[in-house]
Amino acid sequence: MTGFTAEDHRFMAAALGQAELGLASTSPNPRVGCVIVREGRIVGQGWHERAGEAHAEVHALQAAGALAHGATVYVTLEPCAHHGRTPPCTEALIKAGVGRVVAAMQDPNPAVSGRGLARLADAGVDTACGLMAESAEELNCGFVSRMRRGRPWLRLKSAASLDGRIALANGVSQWISSAASRADAHRWRSRSCAILTGVGTVLHDDPQLTVRTVDCARQPIKVVVDSHLRTPPSARLLASGRVLVACAQMPPERAEALQARGAEILHLPDEGGRVDLWAVMRALANQGVNEVLGEAGPTLGGALLSGGCVDEILLYVAPKILGAGARPLFEMADLTALDQANDWRLHDLRQIDRDLRLRLRPQGDD
């Protein structure tokens, strides 16, 4: 964007680096970083660590002290102008006497967007917005999605062979991907507010669905799509943390057994007698869930893709060939023409050990 200097870009990049420190801890709030600059050097910086605690601007102001007066503030999200669990950051900035505030993006919440910058401008603070906005939105793709679309960002994760197979015909799938790829997948778990799976995966693999190989300030919510409540009360995922089971039918004895293990039942049937996947997404958004990591088998994965629920595919491709009889990546209705296929674009490609990690997004999405 024009109007910003190279120095502006450098300091906003530093603010984004601060915001990234909150990847696994800030939900349901956005990840926000702030740096305060005076005479070309950073005199204070901070990041929003947890919901209910001080915002990034407050941490940075505390670090800067009297040096904040007349300084330039770079913040990755428009400062708040409303009273929530903490006082508005705009008032703290005004009280500190800052001279300029540069925000990467406006608050995506339509109820508050623009109010923070307007309050600062009314108080005589020079304001600017839009510097490195794309990077700021990417950092908070889930929060932006929840505010603008009323649903979380759904990232569908899987590991497959070169020929697109996720398991042998006998069901054996451990391990297609490398240990390094599995560790990387746990990092994606750690930044997610919820992990979504299907009852088929629960019955076959009995997963824990926890973050185990990386440090994590909080464990994601576990969500099971289970039309007939077939999840056994002995399932390992019920041993700890919050568990939501979305169903289409509620046999009383099965529901009571799962509730006795601490599970919360969401009765969300669609017209066909299955779980309404869009209703699941809306229910999660209403509970403050920003990012969902789907770790589903081919049936649920295919249903999520067919239903248009998926915002991103996170795919680890291992240099193996499992053959035509092995289990496919997704189960979807057969197409009769190529123009019926959904097109995906490559958002990011990296090599992890011997595997390739692909991040794909629907063609045409910004």
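## Looking at the side chain of Arg357
By secondary structure assignment, the location of Arg357 is in strand 16 (residues 355-362). Polar side-chain contacts of Arg357 include one of 3.1 Å to the side chain of Asp184. If we ignore the near neighbours within four places in the chain, the residues touching Arg357 are Asp184, Trp188, Leu314, Leu315, Tyr316, Asp348, Leu349, Arg350 and Ile352.

## Points about empty space enclosed by the protein
Under the criterion given, the structure shown has 2 cavities of 30 Å³ or more. In this structure, the largest cavity occupies an estimated 80 Å³ of space. Lining the largest cavity we find 19 residues, and of these Thr26, Ser27, Asn29, Arg31 and Asn290 sit closest to its centre. Looking at the lining of the largest cavity residue by residue, the class counts come to 7 nonpolar, 8 polar and 4 charged. Quantified by volume, the second largest cavity comes out at close to 40 Å³. What lines the second largest cavity is Glu78, Pro79, Cys80, Ala81, His82, Asp107, Val112, Arg115 and Gly116.

## Concerning helix 4 (residues 115-122)
Turning to helix 4, its buried residues are Gly116, Leu117 and Leu120. Angular distribution of buried residues about the axis of helix 4 spans 95 degrees; they occupy a single face of the element. At its buried positions, helix 4 is contacted by helix 3 (89-96), strand 4 (100-103) and strand 5 (126-129). After helix 4 finishes, the residue Gly124 shows a positive phi value of roughly 90 degrees.

## Digging into the layout of surface pockets
Approximately 1,500 Å³ is the volume attributed to the largest pocket. Lining the largest pocket are 50 residues, and of these Thr201, Asp205, Glu295, Ala296 and Gly297 lie nearest its centre. Looking at the lining of the largest pocket, the elements that each hand over two or more residues are strand 6 (153-160), strand 7 (165-167), helix 7 (179-191), strand 8 (194-198), helix 8 (199-205) and helix 11 (298-306). When its residues are assigned to classes, the lining of the largest pocket shows 19 nonpolar, 18 polar and 13 charged.

## Quick look at the packing of aromatic side chains
Per the counting criterion, the structure on display carries 1 aromatic pair. A centroid spacing of 5.6 Å and a plane angle of 35 degrees characterise the contact between Phe11 and Tyr74, whose relative ring orientation is tilted. With a gap of 63 residues between them, Phe11 in helix 1 (residues 6-20) and Tyr74 in strand 3 (residues 72-75) connect regions that are remote in the sequence. Summarising the burial analysis for this pair, Phe11 and Tyr74 share the class buried.

## Describing a nonpolar patch on the surface
A cluster of nonpolar side chains, namely Leu346, Leu349 and Leu356, defines an oily patch on the protein surface of about 260 Å² accessible area. Looking at the secondary structure, you find Leu349 in strand 15 (residues 344-352).

## Digging into the pattern of salt bridges
If you walk through the whole model with that rule in mind, you get 23 salt bridges. Salt-bridge contacts for Arg100 lead to Asp8; the nearest nitrogen and oxygen are separated by 3.1 Å. Of this pair, Arg100 sits in strand 4 while Asp8 sits in helix 1, and the two are 92 residues apart along the sequence. For Arg187, the salt bridge is made with Asp184, and the minimal N-O distance between the two is 3.5 Å. Of the two residues, Arg187 and Asp184 are both situated in helix 7; the distance of 3 residues between them amounts to about one turn of the helix. For Arg187, a relative accessible area of 42% gives the class partly exposed. Beyond isolated ion pairs, a larger network of salt bridges with shared partners links Arg31, Glu138, Arg155, Arg191, Glu291, Glu312, Arg359 and Arg361.

## Some remarks on helix 2 (residues 56-64)
Among all positions in helix 2, only Ala56, Glu57, Ala60, Leu61 and Ala64 are buried. Along the axis of helix 2, the buried residues cluster in a sector spanning 130 degrees; they form a single face. Close packing links the buried residues of helix 2 with strand 1 (33-38), strand 2 (41-47), strand 3 and helix 3. Looking at the residues trailing helix 2, positive phi occurs at Gly65, about 60 degrees.

## What to know about the sheet that holds strand 16
The mixed open sheet is built from 9 strands, whose spatial order is 11-10-9-8-12-6-13-16-15. What marks the edges here is a single partner per strand, and that holds for strand 11 (264-267) and strand 15. Taking the axes of each pair of neighbouring strands and ignoring which way they run, one obtains an average angle of 20 degrees across the sheet. Both strand 15 and strand 16 contribute to a ladder of 8 bridges, which runs antiparallel. Looking across to strand 16, one finds that Ile352 is bridged to Asp355. In this fold helix 10 (residues 277-286) packs onto strand 6, strand 8, strand 9 (221-225), strand 10 (243-247), strand 11 and strand 12 (291-294), with an angle of close to 165 degrees to the strand it touches most, strand 9.

Reading guide: rules and limits
- Residues numbered from 1 in each chain as written.
- Predicted model: local features only at pLDDT ≥ 70, side-chain atom pairs only at ≥ 80, totals over all residues.
- Heavy atoms only, no water.
- Helix = DSSP H or I, 4+ residues; strand = E, 2+ residues; numbered from the N terminus.
- Polar contact = N/O pair within 3.5 Å; in protein donor to acceptor, adjacent residues only side chain to side chain.
- Contact = heavy atoms within 4.5 Å.
- 1 Å grid on protein atoms, 1.4 Å probe; cavity = no way out; pocket = protein on both sides within 12 Å on 5 of 7 lines; lining within 4 Å.
- Points joined across faces, edges and corners; volume = space filled by probe spheres on them.
- Nonpolar A, V, L, I, M, F, W, Y, C, P; charged D, E, K, R; others polar.
- Buried < 20%, exposed > 50% of the residue type's maximum accessible area, 1.4 Å probe, protein only.
- Arc of directions from axis to C-beta.
- Phe/Tyr/Trp six-rings, centres within 6.5 Å; stacked < 30°, edge-to-face > 60°.
- Patch = residues over 30% accessible without salt bridge, like charges linked within 9 Å, V, L, I, M, F, W, Y side chains within 5 Å.
- Areas by Shrake-Rupley, 256 points an atom, 1.4 Å probe, with all protein chains shown as cover.
- Salt bridge = Lys/Arg side-chain N within 4 Å of Asp/Glu carboxyl O.
- Pairing = 2+ DSSP bridges.
- Axes fitted to C-alpha atoms, helices over the stretch in contact; angles between N-to-C directions.

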